[in-house]
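Now for the letters of each chain:
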Amino acid sequence: MLRMKKRAELAAGKRTCSLVLKNCKIINVFNGKIIESDLAIDNGKIIGIGNYDGDVIIDLRGKYVAPGLIDAHMHMESTLVTPDQMARIIVPRGTTTVVADPHEIANVCGIPGIQYMIDAVDDTHLNGFFMLPSCVPATPYENSGYRLDRDALATLQHHPKVLGLGEVMDYPSVIQGDTDILEKLEMADRMIIDGHGPNLTGKQLNAYMINGVRTDHECTTIEEMEERIGLGMYVAIREGTAAKNLDTLIKGVNNQTKYQCMFCTDDKHPEDILEHGHIDYNVRRAISLGTDPITAIQMATINPARCYNLRDIGAIAPGYDADLIVFDNFENFEILEVYKKGYLVAQNKEALFETKKIANDHVQNTVKISPVHGGQFKLPLKSDVAHVIRITPGSIVTEHVIRRVYLDSDGNFKSSKHLDISKIAVIERHGKTKNIGIGLVENFHIKNGAIATTIAHDSHNIIVIGDNDDDMAVAVNEIVRLQGGIAISSAGEVKGSLPLPIAGLMSSESMESVSDVLSSLRTIAVESLSIPRSLEPFMTLSFLALPVIPELKITDRGYFDVTQFDFIEVSEKI
């Protein structure tokens, strides 16, 4: 009661506020106007806009002030660093809030992995909110480290940082009314439920939404976006490292649709963040493509705040948290300063706060397999006609194509310089089955070696691609030695590696350090393995194991046809 009385007196000008930002151009995300005035702040809250007295007065000299930016959907694990190191980089770029789905680490470490992420974002000057992973594993057709049912998720349902149920990727089970997924949807009743329904339309989309799914970040066409918005969905326009949809979808943002549109990164690698930015890049890119600047800022602030019922952030108005960004023009949209609850926490892309590492034994030593040998990657075929995963550049969607391939004298697949077809394998690494699923990939262009990684969405088994079996084994064995990470081999030797000892997904080193190693690995991939510079090899490889993205993927149990939602053989008798 006393606090409320004090706030009223501060807002009425009867008391002196702790901080006043003078001479601001304030972005009003409610009415789309720019207000030239002063901004009063006290005890982390915005007190009012107007002429106020302050213990500390900072003259912004006509710079713009907007609410802190919000990433509407992301996987922290895809930054390849721990949440504290991620915050150290993205907060100075204007992101003060993220809505994270920790299903990557949950597939490896279960509930303790989710708790690790929640704990690790504390004291970072980043609002870290979480969605409970709905599909661990993503489908019943693969083997992950854990399986999370309704009862497991319910242990975290009422955590103050938990907002709802994460992206529901197993959309066929939702549409068919399978008990397991319906129990999770029922648990999340009256909470926000995130969607993941690529290519769903018409009655199938209706059936997907009917039990509470209210967002989607998988739109790749304006038609998909408009249909979802017309049914009341929020659409998160994604601009990540492998999946880039902003340039297409931003053309569908207009006065009728803009209030249902948000920005997200989903999966974004360190180099990309350090070079181009985070959500600030989405805003900057949208403006450069002709989007009204205020609309772009609304999509990064008030829209996701409303979507996720974050009542105290996303706007500059009395009673809202003083999470603010300062910039001097819309053309460059370079974030000069970041305030978190009224404190200056970043300036000129540098964090003004320290981070701390969180120790957790549950997320260590998660690669539970023995070393492998090249003979385990032989691929016997029934004929020289094979089903092949064809990579689509700039997309995590693949094509299912039929190709004639070469066979050796024993009827096994044989690489040839005349065909751009590589062997790919997924090895179950959680110590459960020892499965190895083997298939073929077109358009990766790999020669003279192999790449392996424990980043294999979403079950995060080991995935390896190469043009010869021995190098595939060398790369996998380096991953086993490192207890997770990325490794490149050629001519029987390890040419480079990045250790990711936290769940096989993250490093505790700085993002700059991880980015430097990634850059060197990419150079090796280009120069030693002939992979084109236009292809992002590591993230592209990691999504080839995701059996909820069309058309053809591979799991530890073999080829999975996402269109039919069933397994198929690599080849058939003709």
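In this text the structure is predicted, and so the values were computed from the model without any measurement.

**Q** Before we go on, may I ask you to explain the UniProt feature "domain: Adenine deaminase C-terminal" (unreviewed entry) in the protein chain in this structure?
**A** Mapped onto the present numbering, the UniProt feature "domain: Adenine deaminase C-terminal" (unreviewed entry) falls on residues 396-565. Along residues 396-565, the helical share is 23% and the strand share 32%, with 17 Å between the first and last C-alpha atoms.

**Q** Looking at this model, I keep getting lost on the environment of Pro-532. Mind explaining?
**A** Examined against the element boundaries, Pro-532 turns out to sit in the loop between α16 (511-529) and α17 (537-542). According to the relative accessible area criterion, Pro-532 is partly exposed, its value standing at 26%. Taking C-alpha positions, Pro-532 is 54 Å from Ile-47, a pair spaced 485 residues apart along the chain. Other than its neighbours up to four places away in sequence, Pro-532 contacts Phe-444 and His-445.

**Q** I keep staring at the pattern of salt bridges and nothing clicks. Help me out?
**A** Where charged atoms from two side chains of opposite charge come close, those side chains can pair. As enumerated under the stated definition, the model contains 29 salt bridges in all. The partner of Asp-272 in a salt bridge is Lys-244, and the shortest N-O contact between them spans 3.8 Å. Of this pair, Asp-272 sits in helix α11 (residues 270-276) while Lys-244 sits in the loop between β12 (234-238) and α10 (246-249); the two residues are 28 residues apart in sequence, bridging distant segments of the chain. For Asp-272, a relative accessible area of 13% puts it in the buried group. Residue Glu-399 is joined to Arg-390 by a salt bridge in which the shortest nitrogen-to-oxygen separation is 3.2 Å. A network of salt bridges, in which partner residues are shared, links Lys-45, Arg-311, Asp-312 and Asp-321.

**Q** How should I be thinking about the sheet that holds strand β13 (residues 261-264) in this particular structure?
**A** Consider a sheet: its strands pair through backbone hydrogen bonds, and that pairing is either parallel or antiparallel. Overall, parallel pairing links the eight strands, which are arranged β6-β7-β8-β9-β10-β11-β12-β13 in an open sheet. Where the open sheet ends on each side, the last strands, each with one partner, are β6 (69-74) and β13. Direction aside, neighbouring strands of the sheet carry axes that sit 30 degrees apart on average. Inspection of the sheet shows β6 paired to strand β7 (residues 95-100) by four bridges, in the parallel sense. Within the sheet, the bridge partner assigned to Asp-71 lies in β7 and is Val-98. In this fold helix α12 (residues 279-288) packs onto β6, β7, β12 and β13, with an angle of close to 130 degrees to the strand it touches most, β13.

**Q** Sorry if this is basic, but what is going on with the sheet that holds strand β19 (residues 398-404) here?
**A** The eight strands lie next to each other as β19-β18-β23-β22-β25-β24-β26-β27, forming an open sheet whose pairing is mixed. Each edge of the open sheet is held by one strand with a lone partner, namely β19 and β27 (493-499). Neighbouring strand axes in the sheet, compared pairwise and without regard to direction, differ in orientation by 25 degrees on average. In the packing of helix α15 (residues 469-482) onto the sheet, contacts are made with β22 (421-427), β24 (450-453), β25 (462-466), β26 (485-490) and β27, and the angle to β26 comes to roughly 150 degrees.

**Q** Which parts of the structure should I look at to understand the packing of aromatic side chains?
**A** Centre-to-centre distance and the angle between the planes together describe a pair of aromatic rings. The full count for this structure, using the stated rule, is 11 aromatic pairs. Seen from their ring centres, Phe-560 and Phe-565 are 5.1 Å apart, and the 80 degrees between their planes marks the pair as edge-to-face. The class of Phe-560 is buried, set by a relative accessible area of 0%. For Phe-565, a relative accessible area of 12% translates into the label buried. By the ring-pair criterion, three or more aromatic residues cluster together here, those being Tyr-141, Tyr-171, Phe-560, Phe-565 and Phe-567.

Conventions used here
- Per chain, residue numbering runs from 1 following the sequence as it is written.
- The predicted origin of the model limits local features to residues at a pLDDT of at least 70 and limits the giving and counting of side-chain atom pairs to 80 or more, whereas totals for whole chains, interfaces and linings rest on all residues.
- The side-chain values count all of the structure's non-hydrogen atoms but skip hydrogen atoms and water molecules.
- UniProt positions are given in the numbering used here, feature names are shortened, and annotations may be inferred rather than shown by experiment.
- Counting from the N terminus, the helices are the DSSP runs of H or I reaching at least four residues and the strands are the DSSP runs of E reaching at least two.
- Think of it in three bands: with a 1.4 Å probe and only protein chains considered, a residue is buried below 20% of the maximum accessible area for its type, exposed above 50%, and partly exposed in between.
- We call two residues in contact whenever any of their non-hydrogen atoms come within 4.5 Å of each other.
- The salt bridge criterion pairs a side-chain nitrogen of Lys or Arg with a carboxyl oxygen of Asp or Glu, the two atoms within 4 Å.
- Criterion used throughout: strands pair if DSSP finds at least two bridges between them.
- Axis definition: a line fitted to C-alpha atoms, over the contacting stretch in the case of helices. Angles run 0 to 180 degrees between N-to-C directions.
- A pair of aromatic rings is counted whenever rings of Phe, Tyr or Trp (Trp by its six-membered ring) have centres within 6.5 Å, and the orientation is called stacked for planes under 30 degrees apart, edge-to-face for over 60 and tilted otherwise.

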